[in-house]
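Each chain is listed here by its residues.
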Amino acid sequence: MGLGGCLLLIAGGAILTFATDWEASGFNLDVAGLIMMAVGLIGVAVYSSVLRRRRAVVPPVAPTVVETTDPYGHDGRGL
């Protein structure tokens, strides 16, 4: 589940908990909304920890320097 799904769960749970006054027999909408918000918050925490691991910066390997000139001043065209 992505970040958008987690935010949707949080928003839907908040709407069920705080913005509705519906009554259902045998089903408590307030508790269902709280559960949805909790699952959404757990999803955001898991998503952010996975995203933090993906963004770990690996330092590049330093390139090997090969010296192509002669240390004695010869240019390689003979004497």
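Quick notes on the rules
Residues numbered from 1 in each chain as written. Predicted model: local features only at pLDDT ≥ 70, side-chain atom pairs only at ≥ 80, totals over all residues. Heavy atoms only, no water. Helix = DSSP H or I, 4+ residues; strand = E, 2+ residues; numbered from the N terminus. Buried < 20%, exposed > 50% of the residue type's maximum accessible area, 1.4 Å probe, protein only. Contact = heavy atoms within 4.5 Å. Areas by Shrake-Rupley, 256 points an atom, 1.4 Å probe, with all protein chains shown as cover. Expected span 1.5 Å × (residues − 1). Arc of directions from axis to C-beta.

A. How the structure looks around the overall build of the protein chain. Within the protein chain, the secondary structure is distributed over two helices and zero strands. Counting across all 79 residues of the protein chain, residues that qualify as buried make up 14%. At a minimum sequence separation of 6, the contacts of the protein chain that also span at least 24 residues come to 56%. Of the roughly 6800 Å² of accessible surface on the protein chain, 66% is carried by carbon and sulfur atoms.

B. Highlighting helix H1 (residues 3-19). Taking 1.5 Å per residue, 17 residues should reach 24 Å; H1 reaches 23 Å between its end C-alpha atoms and fits that length. When we look at burial in H1, the residues that qualify are Cys6, Gly13, Leu16 and Thr17. Seen along its axis, H1 keeps its buried residues to an arc of 95 degrees; they face one direction. Every exposed residue of H1 that faces more than 90 degrees away from the buried side is listed here: Gly4, Leu8, Phe18 and Ala19.

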